[in-house]
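Fold and contact review
Here are the chains, one letter per residue:
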Amino acid sequence: MAWYQRLSLRILLPLLGVLLLSSWGSFTYSEKLLERVILEQVQRQAEQFLVGMARQIDHLDTSLDRLQLEQLFHQVLNEKRRQRQFSILKIYLYNHKGEVIAHSEPGEHPPKVLSGKYGDVLRSGNPYHSDTAEQKRHPRSGEWITSVDIIIPLFRGGEIIAALESELDLTATKQTISTIDDEFEAVMVQIVLWSSLLLALVTAAILWLRLIRPVRSLSAVTHQIAQGDLSARVHYQSSDELGVLGAAVNQMASSIELLFEEKERSYLQMVKSLTKALEAKDAYTAGHSGRVAHYSVLLGRRLKLEEKQLMLLRQGALMHDLGKIGIPDRVLNKPEQLTDEEYEQMRAHPVLTATIMRPLRERFREFSDIASWHHERWDGKGYPDGLKGEEVPLLARIVAIADSWDAMTGDRIYRKGMGKHKALSIMCEERDSGQWDPVLILEFIAMIEGALDAEPAAE
Ligand SMILES: [Fe+2]
């Protein structure tokens, strides 16, 4: 799977994108909010300044002498221009008709008449603040500056007698805001980066525990089941969707396992039926298979095999010659010496048995191996595959010894079986010939000797 196809990345990347986008939005909004708060604060201070000035004007002569007013403006402006927060560019005083009666720049012609929305101050008595800052050139330096207007009404005896306008230069305030913005920006960028990193790590950990790991476990188990391991189960237990899916996979595996067991049981039953058919066809094989199973299990117990292996050993021994069902009766029951061609037909029976048992091989490999290789030899001179030493499965090596023992001691239609003592002496002679597994043949001989010693009268 390519890295960009990983589920964790497909979840994490959009999440981080949304996080960064929302952080950028909050950041921009915070910047604007900060700027607005500072400007409002400055405008309030400027308004308070104008209110103070209005009180000073109120204390002047009631005729609002122009000269007196302009001296006052001049004095106040000089004082205010020394302050950093905001500076006042110009001050105008309008009469109740909106005509300029005094302004802070003596010698200049009165520049305007208060009208429109500015004139509303004289009619409504409410102060006026510019909503937005205006870019204009400074009247003396000619530099571009940011300015806003504030107009307040002047009352005397409850009547609006004049309006006082002030043009504020907010350039210094803007620069202060810009400096604060830069610092704010640096802090915000760090906060956003670290919180994004932390969130990404926490999200990745949760994704791994709650999603990726269970999905991988599910994937591994379904792969195992697809490969034929029906015992594989999902161990992730949770009440979430993945837990439900895991339980469903386990249920599916159990159902498939039951189906396979049923199928194998049916096939095993069929193989047993075939064995019965062979026993009906060849009386010798019936007794022979039973005795081979008997001796095999005795040797298996002596070797301390597990019960499951003993069961397989018994079943395998009972069916080890099943392939003889495909050999013609005239060859199978021929009392005389077999011709070379007939001998080859007889030698084909392990392959025929293996072919019949192939459907069982997946689940009962050892069971099937017994049939396939019970004529193989430890020294590699056996058939059909010429396997050598431990290449021949253990259970097949056991059955090979038991099969040979019964071939010597069992009765045939054309001859009587040899005595057990004689057969035992032949086995002892063959012990070092390399035909048999050296450990197994010693155990088998010891087992037979023990049995003969215990039942001397049986011979
Ligand atoms: Fe055989």
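Here the residue numbers are simple positions, counted from 1 along each chain's written sequence. Totals for whole chains, interfaces and linings use every residue, but because this is a predicted model, local features are given only for residues with pLDDT of at least 70 and side-chain atom pairs only at 80 or more, for both listing and counting. Hydrogens and waters are ignored; side-chain quantities use all the structure's heavy atoms.

1. Describing the packing of helix H7 (residues 307–318) against helix H12 (residues 394–409)
Packed helix pairs are characterised by how far apart their axes lie and by the angle those axes make with each other. At a minimum axis distance of 10 Å, the contact between H7 and H12 shows a crossing angle of 50°. On the basis of their axis angle, the class for H7 and H12 is oblique. You can see that H7 and H12 cross each other, and the crossing is right-handed. Across from Gln309, Leu312, Leu313 and Ala317 in H7, the residues of H12 making contact are Leu395, Ile398 and Val399. Polar here means any residue outside two lists: the nonpolar Ala, Val, Leu, Ile, Met, Phe, Trp, Tyr, Cys and Pro, and the charged Asp, Glu, Lys and Arg; Gly therefore counts as polar. Considered class by class, the residues forming the contact of H7 with H12 number six nonpolar, one polar and no charged. An axis is simply a line fitted to the C-alpha atoms; with a helix, the fit covers only the stretch in contact. Between two such axes, the angle follows the N-to-C directions and lies from 0 to 180 degrees. Secondary structure follows DSSP: runs of H or I at least 4 residues long count as helices, runs of E at least 2 residues long count as strands, and numbering of each begins at the N terminus. Note that the term roughly parallel is reserved for angles under 35 degrees, roughly antiparallel for angles over 145, roughly perpendicular for angles of 65 to 115, and oblique for everything else. Here a crossing is taken to be left-handed if its near helix is turned anticlockwise relative to the far helix by less than a right angle, and right-handed if that turn runs clockwise. Whether two residues are in contact is decided by their heavy atoms: any pair within 4.5 Å suffices.

2. Quick notes on the coordination of the iron ion
Coordination of the iron ion by the protein comes from Asp321 (OD), His349 (NE2), His374 (NE2) and His375 (NE2), over a distance range of 2.1 to 2.3 Å. Atoms are scored as donors when they are N, O or S and lie within 2.8 Å of the metal, with 3.2 Å used for Na, K and Ca; no water is included, so coordination may look incomplete. The rule is simple: four donors are tetrahedral if all their angles sit between 85 and 135 degrees, four are square planar and six octahedral if opposite donors span more than 155 degrees and the others lie between 65 and 115, and anything that fits none of that is irregular. If you look at the iron ion, its four donor atoms make angles of 79 to 162° with each other, and the shape they trace is irregular. The motif formed by the donor residues of the iron ion, counted along the single chain, is D-x27-H-x24-H-H. Here histidine 349, found in helix H10 (residues 349–361), pairs with histidine 374, found in the loop between helix H11 (365–373) and H12; they are 25 residues apart in sequence, far enough to count as distant. For the exposure calls, accessible area comes from a 1.4 Å probe over protein chains only, and a residue counts as buried if that area is under 20% of its type's maximum, exposed if over 50%, partly exposed in between. According to the relative accessible area criterion, histidine 374 is buried, its value standing at 2%.

3. Considering the domain arrangement of the chain
Taken domain by domain, the chain comprises domain 1 (25–181) and domain 2 (281–458). All the domain ranges listed were derived from an automatic or database domain assignment. Centre-to-centre, using C-alpha coordinates, domain 1 lies 118 Å away from domain 2.

4. Observations concerning the pattern of salt bridges
Whenever a carboxyl oxygen of Asp or Glu lies within 4 Å of a side-chain nitrogen of Lys or Arg, that contact is scored as a salt bridge. Counting across every chain of the model gives 14 salt bridges. The salt bridge partner of arginine 301 is glutamate 307, with a shortest N-O separation of 3.3 Å. Arginine 301 sits in the partly exposed class, given a relative accessible area of 48%. Each of Arg330, Lys334 and Glu342 takes part in one network of salt bridges that share partners.

5. Remarks on unusual backbone geometry
In this model, tyrosine 383 is joined to proline 384 through a cis peptide bond whose omega is 10°. Examined against the element boundaries, proline 384 turns out to sit in the loop between H11 and H12.

6. Focus on the packing of H12 against helix H13 (residues 420–430)
One way to put it is that H12 packs onto H13 with a least axis distance of 9 Å and a crossing angle of 135°. In terms of orientation, H12 and H13 fall into the oblique class. The interaxial crossing formed by H12 with H13 has right-handed handedness. Of the residues in H13, those touching H12 at Ile401, Ser404, Trp405, Met408 and Thr409 are Lys420, Ala423, Leu424, Ile426 and Met427.

7. Some remarks on empty space enclosed by the protein
Points on a 1 Å grid over protein atoms alone make up a cavity when a 1.4 Å probe fits among them but cannot get out, and a pocket when they form an open set with protein on both sides within 12 Å along at least five of seven lines; lining residues each have an atom within 4 Å of a point. Grid points are joined across faces, edges and corners, and a volume is the space filled by probe spheres set on the points. A full pass over the atoms with the stated rule returns one cavity of 30 Å³ or more. The volume enclosed by the largest cavity comes to roughly 50 Å³. What lines the largest cavity is Glu376, Arg377, Trp378, Arg397, Ala400, Ile401, Gln435, Trp436 and Asp437. Among the residues forming the lining of the largest cavity, the class breakdown is four nonpolar, one polar and four charged.

8. Remarks on the nonpolar core
Nonpolar cores were defined as sets of buried Ala, Val, Leu, Ile, Met, Phe, Trp, Tyr and Cys residues, with membership established by side-chain atoms within 4.5 Å. Grouped together as the largest cluster of nonpolar side chains are 38 residues, with contacts concentrated most on Leu313, Trp405, Met427, Phe444 and Ile448. Elements supplying a minimum of two residues to this core: helix H5 (241–281), helix H6 (283–302), H7, H10, H11, H12, H13 and helix H14 (438–454). Of the residues forming this core, the biggest block, eight residues, is contributed by H12. Setting aside residues up to four positions removed in sequence, methionine 427 forms contacts with Ile401, Ser404, Trp405, Met408, Trp436, Ile441, Phe444 and Ile445. Met53, Ile88, Leu154 and Ala162 belong to the second-largest nonpolar core, a separate cluster that totals 26 residues.

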